[in-house]
Amino acid sequence: MNLRTKLTIILTGIVITAALASSTMVYLFAARELEQRAKQRLKNTAAIMAEFFQRRFDTELSKFEYWAAMPLVIKTARDCKNPRLLSAFREYFSTVVRRESYSSINLMLKNGECVASNDPQRTYVAHCREVISIRPGAVAGFSGISSIGRTLPGVADARPLVPLTAPVRYQGKVLAILRSAVDLGRFGHEVLKLHTLEPKGKLYFFDPSMPAASPNGLKLSAPSHWEHYSPPPGELRTAFKNRDADIFRYRDSKGEHLVAFDQLRTPRWTILISQPMEDILAPVKLLGKITSIVVVGIIVLLIAAIFLLTAPVVRGIERCRAFSEGICRGHLERRLQLDTQDEVGCLARDLNEMAARLQKDYRALEEAERKYRGIFENAAEGIFQTSSDGCIMAANPRLVKLIGSANEDELIGKDPAIFYADRSMRGQFLERLRSEGEVSGFECEWIRMDKIRLQVVLHARVELDDQGEIKMIHGNVKDVTELRKTEAKARRAREAEALLLRSELESMRYQVNPHFLFNTLNSIREMVLTAPDEGVEMIEALAGFYHSCLAHRFEPLSTVSQELSRIEKYLKIQKIRFGKNLETVVEADAAAGQVNIPVFTGQPIVENAIKYGRKSGAKPLKIRISVRIEGEKCLFTVANSGRWFQAGQSDQAGLGIQLGLEYVQRCMDHHYGTDARMTIGEDDGWVVVRLAFPLSTARTE
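Residues numbered from 1 in each chain as written. Predicted model: local features only at pLDDT ≥ 70, side-chain atom pairs only at ≥ 80, totals over all residues. Heavy atoms only, no water.

A. A look at the packing of aromatic side chains. Within this structure, the stated rule accounts for 17 aromatic pairs. Seen in terms of ring centroids, F205 and W269 are 5.1 Å apart; in terms of plane orientation they differ by 20°. Their pairing is stacked. Here the residue F205 occupies a position in strand β7 (residues 202-206), and W269 occupies one in the loop between β9 (255-263) and β10 (270-276), the gap between them amounting to 64 residues. The exposure class assigned to F205 is buried, which follows from its relative accessible area of 6%. Both rings, one in F240 and one in F261, keep their centres 5.2 Å apart while their planes meet at 85°; by these two values the pair is edge-to-face. Residue F240 is located in helix α7 (residues 234-241), and its partner F261 is located in strand β9; the two are separated by 21 residues in the primary sequence. No difference in accessibility class separates F240 from F261, as the two residues are buried. R624 extends its terminal NZ or CZ atom over the ring of W686, reaching a point 3.9 Å from the ring centre. (Phe/Tyr/Trp six-rings, centres within 6.5 Å; stacked < 30°, edge-to-face > 60°. Helix = DSSP H or I, 4+ residues; strand = E, 2+ residues; numbered from the N terminus. Buried < 20%, exposed > 50% of the residue type's maximum accessible area, 1.4 Å probe, protein only. Lys NZ or Arg CZ within 6 Å of the ring centre and 35° of its normal.)

B. Summary view of unusual backbone geometry. The linkage connecting T266 with the following residue, P267, adopts the cis geometry, with an omega of -5°. Along the chain, the position of P267 falls in the loop between β9 and β10. A positive phi angle, near 70°, is found at K451, a position not held by glycine. Along the chain, the position of K451 falls in the loop between β13 (438-447) and β14 (453-464).

C. View of the side chain of E60. Tracing the sequence through the fold places E60 in helix α1 (residues 3-68). Once residues lying within four places of it in the same chain are set aside, the contact partners of E60 are E100, Y102 and L164. (Contact = heavy atoms within 4.5 Å.)

D. Representation of the pairing of strand β22 (residues 686-694) in the model. Burial analysis of β22 places 8 of its 9 residues in the buried class, the great majority of the element. Note that strand β20 (residues 633-641) and β22 share 9 bridges and pair antiparallel. Residue pairing across strands places F636 opposite L691, the latter belonging to β22. Direction of pairing for strand β21 (residues 677-682) relative to β22: antiparallel, over a ladder of 6 bridges. From the neighbouring strand, G681 faces β22, where its bridge partner is V688. If you look at the hairpin formed by β21 and β22, you'll find 3 residues sitting between the two strands, and D684 has a positive phi there, around 55°. (Pairing = 2+ DSSP bridges.)

E. How the structure looks around the pattern of salt bridges. Taken as a whole and judged by the stated rule, the model has 21 salt bridges. Across the salt bridge formed by E35 and R249, the nearest N and O atoms sit 2.2 Å from each other. With E35 in helix α1 and R249 in strand β8 (residues 247-252), this residue pair connects regions lying 214 residues apart in the sequence. What makes E35 buried here is its relative accessible area of 16%. According to the relative accessible area criterion, R249 is partly exposed, its value standing at 35%. (Salt bridge = Lys/Arg side-chain N within 4 Å of Asp/Glu carboxyl O.)

F. Expanded view of the side chain of S641. For S641, the position within the fold is in strand β20. A residue is classified by how much of its surface remains accessible, and S641, at 12% relative accessible area, is buried. Ignoring any residue separated from it by four or fewer positions in sequence, one finds S641 in contact with G613, P620, L621, K622, G685 and W686.

G. Here's a closer look at helix α13 (residues 423-436). With 14 residues, α13 should cover 20 Å at 1.5 Å per step; its first-to-last C-alpha distance of 20 Å lies within 8% of that length. Within α13 the residues assigned to the buried category are M425, R426, F429, L430 and L433. An end-on view of α13 places all buried positions within 135° of arc, on one side of the element. Summarising the geometry of α13, the exposed residues directed more than 90 degrees from the buried face are R434 and S435. Of the surrounding secondary structure, the elements contacted by the buried residues of α13 are β13, β14 and β15 (470-479). Following α13 by one or two positions, G437 has its phi on the positive side, about 85°. (Expected span 1.5 Å × (residues − 1). Arc of directions from axis to C-beta.)

H. Geometry of the packing of helix α17 (residues 560-578) against helix α18 (residues 602-616). Taken N-terminus to C-terminus, the directions of α17 and α18 make an angle of 25°; their axes are 9 Å apart at the nearest point. Viewed along their axes, α17 and α18 adopt a mutual orientation that is roughly parallel. Taken as a pair, α17 and α18 cross one another with a handedness that is right-handed. When α17 is examined against α18, the residues E563, R566, I567, Y570, L571, Q574 and F578 are found in contact with a partner set consisting of G602, Q603, V606, E607, I610 and R614. Across the contact of α17 with α18, the residue classes tally to 6 nonpolar, 3 polar and 4 charged. (Axes fitted to C-alpha atoms, helices over the stretch in contact; angles between N-to-C directions. Parallel < 35°, antiparallel > 145°, perpendicular 65-115°, else oblique. Left-handed = near helix turned anticlockwise from the far one by under 90°. Nonpolar A, V, L, I, M, F, W, Y, C, P; charged D, E, K, R; others polar.)

Below, the structure is given as structure tokens:
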């Protein structure tokens, strides 16, 4: 036999064997997969339906609790003989029963009597008093607990019902219970209208604990148009009883079915979702038929294709093999000329593209090597490579210069630990590399070969071998000696500025305007002689003001509420001095009370407002102080009637206040930088000074 015949027989046998094996495997896998998906789908559907049923019952119970709290129900329970209330109760709940899935809605007193109902024939019957009133749900309702009872056959026509009970309270006491039952037939019909199951899928729900027969005795009429409840078939209930898993199967006259179930919390219903196995496995059976047809077609086409394609394909493959050998020998500039559009042609084009990419990557690699060498030689930071035992393998010129070495060869083979001022830092650095793989920002002190000390920052990463051990360490070194010196100078400058501000603050605390103190003491002297009570009040106000000035003397910040408290003490002294000639208003947002503000910033502004407001405006002098939050800013505003004195217009006595405003501006600049500002202006006969600063915590240094 020639090659084509052998190839035909071999490939045909392979195709048939592969088709049979693959079809069998696909069938088994697909059947198992479809069944698993069906199980999961049925299980999810059962869980969803159980949750939906549970929420519906919880909603029904919530409605009952709402109705039990209605004034109509409470009044009827209190006055159950009132015909007007009984009629209103019957009309309201008759409307409810017509549109909802309730059998009837009854109002029962604690003695067991049904005193009101949408159905008059249910009132004052012995069955209610002797049977229903002692059921667990009714007993719980009289104890003040709303509940959903277990499923029971109805007394009218044995329709399965789920009782609902809600207590009726008045002034904290349970007067009666509102009781009804959900009809399973109507309830299930309403639920199924809202949900669509899989094709031929079935939903069943039932209460395994429900009695098989209705109670004897009372027989009441029930609407005949209500939907009938359909319990699960007997085969399904038997299989459910004998199940050994959450998902089980059962067989009836139509074949085998797959069933999943879930249960409600209250009532203890069981939700069953079933689907025929025939429907679940239908796609697999169709796949088997299609596979048989395809295999036959493939065999026929394969035999024909082998004879047509063998010769050109073999020639094309041989040329591709020869071209690949040329690529392996480094002939990347050559290209394969093969004009066919089949797979061999695609292979040839792919080989050409691969050769072009290899040639491009080779050139890029050469260029990258040149660039890396340039970066390595000219980098502003020291670059190094060390072996696993710590010896230096490579160092760029910057590192050589940084260490103070004569050349790179002098560093090769040395242990970097000799350059550490503290040898233990080298151990910490290596330990972090072993545990983290990469370390950034590791700062330590080095000693150059000429004994000059440097502050450096290291960044390094490890290269691991196949066993996970350190093979090589790559990294760089940055000299931050000058940077740290600059930072230290800046820190000392900030500390000096803070010290100056604290000195000025102490000066302002202990040297509050001497004219104010002099005038206040004179006023106290006069009041002690003429009005002793007011004099004592003014002495207490002055003592409280100076006590607040000395409080928290070493803290650069206070809160808005503390600042306003100190200002109000100051204004109290001034109001005693000037009487009706001074009117003040202080307003602040509640949220602004705990906002931080540099200490003693509001006091100079208020002093300035009183000083120059009295000189430039009519009497009485009006002072308005407000603090409010706008976005991310706090606005501290002091306004006084009068006009603003320019720097050249104020007298020498006001120089201290002008200096106080300069202190406020400098203090805001120090604590907030450019985020805060002080503005001064006039507006319709008012001088307005406003501080705007961020809500975030200010710098405290």
